[in-house]
Each structure stands twice: as C-alpha cells, then as structure tokens.
Amino acid sequence: MTHTVTAAGDPLPALPGGAPYDVTVIGAGVVGTAIARELARYPLRTALVEASDDIGNGTSKANTAILHTGFDAVPGTLEARLVREGQRRLSAYAADTGIPVERVGALLVAWDAEQLAALPALLAKAEANGYRAARLLDADEVAEREPHLGPGALGGLEVPDESVICPWTTPLAFATQAVRAGVHLHLDCPVRDIEPGSTVHTLTTGRGPLRTRFLINAAGLYADEIDRRFGHDVFTVTPRRGQLIVFDKLARDLVRHILLPVPTSAGKGVLVAPTVFGNVLLGPTAEELDDKTATESTQEGIALLREKGRRILPRLLDEEVTAVYAGLRAATGQEDYRIQEYPGRRYIAVGGIRSTGLTASMAIADHVTGLLARTGLDPGTPAELEPLTMPGLGEAAERPYLNAELIARDPAYGTLVCHCERVTAGEIRDALAATLPPRSVAGLARRTRAGNGRCQGFHCGAGLRALIEGNGP
Amino acid sequence: MTRRERTVDVLVVGAGPAGLGAAAELAASGVRRVEVLEREQSAGGIPRHCHHAGFGSSRPNGGTSGPEYARRSTAAAARAGATLRTGITVTGWAGPRTLDATGPGGLERITAHAVVLATGARERPRSARLVPGTRPAGVYTTGELQQAVHIHHQHIGTRAVIVGDEPVGIAAADTLRAAGVEVVARVTDRPAALPAALGRHHGAPLLTRTTVTALAGSPRLTGVAVRHGDGRTTTLPCDTVVFTGDWIPDHELARRGDVPLDPGTRGPAHDAAYRTHAPGVFAAGNLLHAVERAGTAAAEGRALAAPVRRHLATGAWPAGRAALTVAAPLEWIAPNLTGPDGDRPTGNRFILRTGRPLTAPLLVVRQDGLELYRRRLLRPARPGRPLHLPADWLDRADPHGGTVRVSVG
Ligand SMILES: Cc1cc2nc3c(=O)[nH]c(=O)nc-3n(C[C@H](O)[C@H](O)[C@H](O)COP(=O)(O)OP(=O)(O)OC[C@H]3O[C@@H](n4cnc5c(N)ncnc54)[C@H](O)[C@@H]3O)c2cc1C
Ligand SMILES: Cc1cc2nc3c(=O)[nH]c(=O)nc-3n(C[C@H](O)[C@H](O)[C@H](O)COP(=O)(O)OP(=O)(O)OC[C@H]3O[C@@H](n4cnc5c(N)ncnc54)[C@H](O)[C@@H]3O)c2cc1C
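Description of the structure in this document. Treat the numbers as computed from the prediction; the structure is a model and nothing was measured. (Residues numbered from 1 in each chain as written. Chains lettered and ligands numbered in written order. Predicted model: local features only at pLDDT ≥ 70, side-chain atom pairs only at ≥ 80, totals over all residues. Heavy atoms only, no water.)

1. With respect to the interface of chain A and chain B
Part 1 of the reasoning: Taken together, the contact between chain A and chain B spans 40 residues of the former and 45 residues of the latter.
Part 2 of the reasoning: Of the roughly 3,600 Å² buried at the junction of chain A and chain B (both faces included), carbon and sulfur atoms supply 53%.
Part 3 of the reasoning: If you look at where chain A meets chain B, you find 4 salt bridges.
Part 4 of the reasoning: Salt-bridge contacts for E319 of chain A lead to R255 of chain B; the nearest nitrogen and oxygen are separated by 2.9 Å.
Part 5 of the reasoning: At the surface where chain A touches chain B, the tally comes to 17 residue pairs in polar contact (both at pLDDT 80 or more). (Contact = heavy atoms within 4.5 Å. Buried area = accessible area lost by both parts, 1.4 Å probe. Salt bridge = Lys/Arg side-chain N within 4 Å of Asp/Glu carboxyl O. Polar contact = N/O pair within 3.5 Å; in protein donor to acceptor, adjacent residues only side chain to side chain.)

So this is what it looks like as structure tokens:
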C-alpha cells in the first residue's frame, strides 16, 4: 500500500473520479490521530489534516504524560468513563506496540490537616469511579515509600495503577498505523474555512479546497472556532496554561511514584513525576489565559513551581534543569468533554479534551466512531490493522546502545550521536526513514530523544541539525 | 551477558586536553597499557571546534588554533604509546574500577588498576538558567555555535545577543562575526569590572547589571527581553542568542560511580594528587573546576601521572582527607581536599573563583582556628576568571584535621 503524507508545496491529491473523502479529521493531536487510526480499520477514504508540520505538535507534545486511572474524575461524566476505558485500551496497545509505559503508581501526599481530611473522600470517589486498588497510608508509610520527601507529610493515598507513558510515541504510533492502513495525512494544512454542504462539506485549507462527506473536529484549542463554522455557539475554549520543569536524570532516584497534590479549596497544586525517559517533572501550573498561542514560560510560573517543588522534594531543586515548557489545556468551562454529534450535518465536534486526552485518546476514538454511524455513515466491516512496533525510547526497556546483538547486526546502533540521551546513529537513521519522518530538529527529538538531554545541544545540536537538513527535500 | 571483558593498567575517560595529557605522560613514563576512550569520532576535546588562536600559550592570542592544538595533543599521546579509541562511549560502572562502554564494535567491560576521569564541562543551556519565554529557534551555547559554524557551516542568523561576560563570550562573538552575524550586545547581570570602554569588543556594548528576563518569538527568536540594574526594561531585537559560560562539569559518570562531588565546583572532590574519594579513581581538567585554559587541563593530566604510578605500585589510597572550603564571595576552590603525601597542585597553586569583583583581595586560610596563610593579592579578581592562591601553606595543613577554610579577609 502506498502511503500518502503530504506537506507544504505538495498539491492535495485528487481522489479517483473526483470523489470526496468519506471522513476528514481536523487536527492530528493525540485525539485526532487516535480517531484516524480507528477509522483506518474500515473501508473508508479518510483524511487527517493538520495545520502544523508534524503530528502531535500541539497540546499533545507538552503535557505531564500520565496514564491516568481516572480515580479522581467526576463520577458519571463522559470523561470519567472514557478515561477509565482509555487507560485500559492504551495500556494494552502500548504493550503491543512498544510505547514506553512505567507503572510507577501515584501517591497523593497530604501536607496539612485540610488535605489529610480530604483523603477519605478521594478514596470514596475512586471507588465510585470503579477503581478499587487505592489505599490510605499513614505518615510513616508515606515516608517509607518516598524517603526523599520534604518534612511534614501527614499521610497519603496510594493509587498503584497510575502510570507514566511516552507522550510522543503515542500519537506517532496512531498516525503511523493510520497512514500505513491508507489514511491520507496532510501536514502544513490549516483549515481556514468550512462550507457545510448537504452531501459534501468543502474545507478551505492553506493548500487548497478539500471535500469530505463527514467531518470530525479534533482541533484541540481551536475546536470552538471550527465548531462555529457550522453556526454553533456551544462552547468556547479558554486555554489553561500548565508550565513544567524537567529535571535531569540524576534526579530520578529521588522519587519513586507520581507524587500528586491533594486537591482542596486552595486549588489543585503541582505534582512531581518521573518520566519514561528517566527524568523528573515538576508542574504544571494552572493559568487561565485568552491567548491560544501563549505557550511561553514565565518568571512567576517557574518561581511558583520551584517553591512548591522545594516543599515536596527539597533535593530536587539541587539538580540541574533540562527543560522548561508549557502546554495549554483546552478548557471550556465545563467539567467534562464536549463531544457532540450532529446527524443532520454529518459532523462531530470533539471539544474540551482538557487534561486527560492522552489517556482517553483510544476510548474517545472508539466512542466517536460509534457516533459516526449515528450521523448516517455506514463504515463497513472493520479489519485488523497491521501490527506495529515502535522504537523503544523508554529508559526501563533495553535501549539499542545496550543491546549487543543489535550492535553486532548493525554497528550504527553502537555509535552514539546524542550523548546525554544516548541516542545512536542507527536510531536516527531509522527515524529519518520511517513512515512519518521528522522534518525539524524538534520532530527528531520527539521520535528519538536526540537533543533532549541536559546539554540541550552543546555537544550534538549542530550535528543533529546537519542530519535533518541533509534529509530535506 | 555479551560484553567483551578486558583489563588495562590505566583507563582514561575522555580525550580532551586533560585526558590526552594524562595518557601521554603515563605512557611516556612507562605505564604499559594506557587506554583512552573518547565518545566523539575524533580526539581533542573542546579545542576541536575552537577555530581561534590562544591554545597552548598563556598570552590571549598566542599559541596555536584549537584544532591544531587538538591534533598535536592527540599525536603526542599516541606517540608516547597510549591507545586512543574514538567513537566509544563510557556508559557506566560495573564495579569500583570497572567501566562499561559502547562502540560500533560492541559492548565492553574494562577493568583498570587506575581510572582517570577527564570528561570536561559544558555551558549551562538556556533552560538550566531558567530563562523564561518562548522556545524559539536561534538559541545557542558557544559549544553548539562553534560546531554549527566551523564544522557544519550552518546558517546562523543576522543579529545576535551574547549572554555572559566570561572570556568564552569573546570567542562566541568572534565565531558569530565569522558567520556574518552582527553582535548587537553582550549582556551580563554582573557589575562592570572594567572601565566601560574596555568592556566593548569590536563595537558591541557590554551591558552590565542586565538580566535576561525572557526570550520572545516563535518559531524564530525575535528578541531578548532584559531588565537593567536601574529597573528599566527593554527588548533587544535579535534572531540569535548565545548563552556563554556558566559552566557545569560533565560529572554524570562520576556521580553514577558514587564519586563524591565538591559542593562548590560540582566536580569530583580531589586532592593535589588529583585523587578523588574513590580508591583508584583520579580526575583532571574541566571536570574538576569547569573551564580553565586548555594548557591548565593538560598540565593537570600530566601531573597526575606520578601519583597514578605510585598508586599502581603500592595500591595505597588516603582516607579521611580534610576538605577545603571557601566563604562568599568566593565560590569554589580546586583542588579541594588536603592530602598526606606532600603533593602540590599544578603550578603550586589553587584555582578559585569569586562571585563579585575584588580589587586587591586579602586571602586568608585557616584550619581549626589556626591561620595557615594570609596575603593580599596584587591583582584584581573578577567573576568567571581564575583567581590563584599559592599552595605553599599546604604542608602545614593537617590532612586529618578539620575543614580548611579560605576566605577574603
Ligand atoms: C500541562 C498539561 C498537562 C497534561 N497532562 C496530561 C496527563 O498527564 N495525562 C493525560 O492523559 N492528559 C494530559 N493532558 C491533556 C492532553 O495533553 C490533552 O488532552 C491532549 O493532548 C489533547 O489532544 P488533542 O488532540 O485534542 O489536542 P492537540 O494536541 O492540541 O491537537 C489538536 C491539533 O489540531 C490542529 N489544528 C487546530 N486547528 C486546526 C485547523 N484549523 N486546521 C488544521 N489543524 C488544526 C493543531 O495544530 C493540533 O495539532 C495535559 C495537558 C496539559 C496542557
Ligand atoms: C568556546 C571555548 C573557547 C576556548 N578558548 C580557549 C583558548 O583560547 N585557549 C585555551 O587555552 N583554552 C580555551 N578554552 C578552554 C579549553 O578548551 C578547555 O579548558 C579544555 O578543552 C579542557 O579540557 P578537558 O580535557 O578537561 O575537557 P574537554 O576538552 O571538554 O574534553 C573532554 C572529552 O571527554 C569526552 N567524554 C566525556 N564523557 C565521555 C564518556 N562518557 N565517554 C567517552 N568520552 C567522554 C568528551 O567527548 C570530550 O572529548 C576554550 C573553551 C571553549 C568552550
């Protein structure tokens, strides 16, 4: 099967007989790629259109990377159900495809009487959400589980199934499988306008018109704007920024679990979490903004995180910082997703996927595909997708640079290019030759980790850029 | 386990000036199996991409260019009989003097009678300095900039701001000009140490007491927001920014091997014989004290050859050496442990750093209430530049006594 991935400069392909696409998904974040992958199982002509030059390049690249159990969701909401279901689906999918996941478990740590008093209700909420493995811990048990915790922890709630996952491999796996199964991926293809039609919608994109019978809006922060093209005024996305600090790998031994704050009247607080790359995250902040492009970090945000982090894990602050970044949650003023099908219009809005979309992605995709049938599409009989194996980026797996057999077969896996993250020439070569090759240094980093380490390019940055530029058209 | 296991006499990690200096001197003095592992494809360390003069000489523009210096030091080590292996990365420890390495030829596990860590230092990147703002293209350290310009001939930009007032900032400015980039300003949050006129370099003003508060622009840098000492804020329009200096030793391998660090330098604690706290593990160069001149790193490497040979012969390792510490405004001192064997540091002097300019500092050394040394330096001391303390008093320090404290009187 030929793969169709187009980008700036390419014309949008004409389908045989001038036919429109059956389904078009706007937005190749983790949600849109998951939907495209699900649709790829059916005999449909599906397009996935994305404004940026890469998949997973919006909110999906900048989150906390936790595979939630959904223990603290609002019981009875769609989000609660899809997070719970999504966690099961994505865990299984990750195991099949090699997406890095580490089941480190979470610990909600109570630092004052109010937080301590809130724990039993959280336990009850977990149970109302069908999660039964959570358990209350006393101060000694908390100290024993997390020896480097700051002084003053009064107790905790343990949620053993909370896991960390690779946020970049996940949408890449979805998109790769979708493209291999025949979905057309159009990058650099912003949808600027939509002319809803009685049988076919016409999208005006940055690369010309695109016609489609059914439309799925998974445009993340911009889902409200797409929705308005259908004359709706249902929800408005107000970005809620989360800034995060990534600490160097030498900090990893300081923490064993995801250390979650106990939500109280004073707000949600920040967490400390290991990453699958062996780093430690501190964050996120929660700032209501009105600018959908405001992904910059701020002095106040960094100061706040450091102050909170010092309380939680004092020694963390002595370690070097590898990166600071921010992501924008697509908040809509409702404590739930905004997924709505419009049968008469052959359109589905997938909005308000705020702070759990990575976890819920596969369940959202399944749910949305079900809704599609209700909007009048007979998708046909699903087929099995070709199995997929993703590069093992996780620190817990055996990385290529430690794999003697692999190096014996191909010495390129024995040549390190990025020293901090220990990425080999073989892995970079593979990424450049993949179904969805990177088109920027940042895209290469999301696929291989190269350049993401403590030196931030001091040693290998120029060399990596040479590799990407040498790979250009 | 499919690692090739071997034993050598001395394993040197890192083929920069320090590692090559150590290997050359060790091999020349008759140690048989001296092996240097270097993770880059060619040996030489940082000088490989410093295309300016100033290497191997104490005069600012004397000596040779960096690449030439790298070639000469590599050739000297090879000539002396050391085994140099490039493209091999030491990835971790399997025992106190046993290191694991990865190369295209496979995985190795090498046990040595003595290990020399010479892994160098890097500049703290923008993120480690917690500079807020966007994450645009056009943000460099000097190390990346030099490789981009001199090795890969990449396009850099048109207008650049340089952050930092250490000597390396001048190298960054020269590299930028060589790449056709205009240097708009150099900024430092430190006060002026020189009359303003001397602070200019080829016309680019040095803005002192000026803090970078944010980077702006996306996807490309459009400006650097700064706050001046008097509270004024402004944005310097530019498409390139280079974060220079603010070194941090590449100490990860040392830490993974439980080699204790000095809290000031963040490099392994060590004595005047370049012995760390870990028996059989020596260290030299910028790993110990971030950036000094290449000649200093090389001299340290050569100086540890005699103590390494002593250790190979006797297996002895000192225990319980008193530490050397500094009081503010001093930031660190190296070496930072006393030793029982009467060794003196390279050049018979300690290297220190100060956090603020000092006109004629009076250096005082005390241990257990006893004054070991007191003398006024004739030269001013500046942040980011070496300040030297003669080591004559070292014999009077008690290696089994309390902490030796160095202060500015
Ligand atoms: C700080 C933070 C922490 C988080 N932590 C977690 C966590 O730990 N676990 C978890 O499960 N979730 C977490 N999330 C939530 C998760 O990241 C999001 O729910 C998820 O990424 C949303 O995916 P998406 O595909 O809806 O949006 P996006 O990733 O933003 O994708 C939308 C895409 O649509 C494209 N697009 C927009 N408009 C157009 C247009 N007009 N034409 C073409 N393309 C368009 C955009 O370019 C973008 O690529 C967190 C979020 C944040 C911000
Ligand atoms: C921009 C710039 C300009 C300079 N200009 C001058 C000048 O004009 N004159 C002057 O005298 N000095 C100058 N210096 C300083 C000089 O370059 C350094 O002092 C010198 O290189 C330090 O030597 P080193 O051996 O300690 O470290 P490095 O040169 O950094 O060498 C360390 C080596 O160890 C290797 N290594 C690290 N970890 C591993 C591992 N795990 N496995 C294998 N190998 C590893 C590295 O790849 C590297 O090659 C300059 C430095 C810079 C950055």
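Alright, that's what it looks like, and here's the rest.
2. Let's talk about the site of ligand 2
All names here are of chain B.
Part 1 of the reasoning: The local shell around ligand 2 holds 34 residues, among which E38, I46, G54, N286 and E292 are the closest.
Part 2 of the reasoning: A distance of 3.1 Å is found between a nitrogen atom of ligand 2 and a backbone nitrogen or oxygen belonging to R39.
Part 3 of the reasoning: Protein chains bury 94% of the 1,000 Å² of accessible surface belonging to ligand 2 in isolation.
Part 4 of the reasoning: Elements represented by at least two residues in the shell around ligand 2 include exactly α1 (17-28), β2 (34-38), β4 (89-95), α3 (142-151) and α8 (294-303).
Part 5 of the reasoning: In terms of residue class, the shell around ligand 2 is made up of 17 nonpolar, 12 polar and 5 charged. (Near = heavy atom within 4 Å. Areas by Shrake-Rupley, 256 points an atom, 1.4 Å probe, with all protein chains shown as cover. Helix = DSSP H or I, 4+ residues; strand = E, 2+ residues; numbered from the N terminus. Nonpolar A, V, L, I, M, F, W, Y, C, P; charged D, E, K, R; others polar.)

3. Side note on the nonpolar core
Part 1 of the reasoning: Core analysis: the biggest nonpolar cluster contains 80 residues, and I35, I216, I339, V350 and I364 of chain A have the highest contact counts within it.
Part 2 of the reasoning: The element best represented in this core is helix α8 (residues 357-374) of chain A, accounting for 9 residues.
Part 3 of the reasoning: Once you skip the residues sitting within four places of it in the chain, I35 of chain A turns out to touch V25, I216, A218, V350, A365 and V368 of chain A.
Part 4 of the reasoning: Residues A23, V281, A283 and L287 of chain B belong to the second largest nonpolar core, which totals 48 residues. (Core = buried A, V, L, I, M, F, W, Y, C linked by side-chain atoms within 4.5 Å. Buried < 20%, exposed > 50% of the residue type's maximum accessible area, 1.4 Å probe, protein only.)

4. Examining the site of ligand 1
Residues and elements named next belong to chain A.
Part 1 of the reasoning: Contacts to ligand 1 come from 38 residues, most closely from E50, S60, I66, V191 and T359.
Part 2 of the reasoning: In this structure, G357 approaches ligand 1 through a main-chain N or O atom, which is 2.9 Å from an oxygen atom.
Part 3 of the reasoning: When residues of the shell around ligand 1 are traced back to their parent elements, those giving at least two are α1 (30-39), β19 (321-331) and α8.
Part 4 of the reasoning: Taken together, the residues of the shell around ligand 1 break down into 20 nonpolar, 15 polar and 3 charged.

Taken by themselves, the reported measurements are silent on function.
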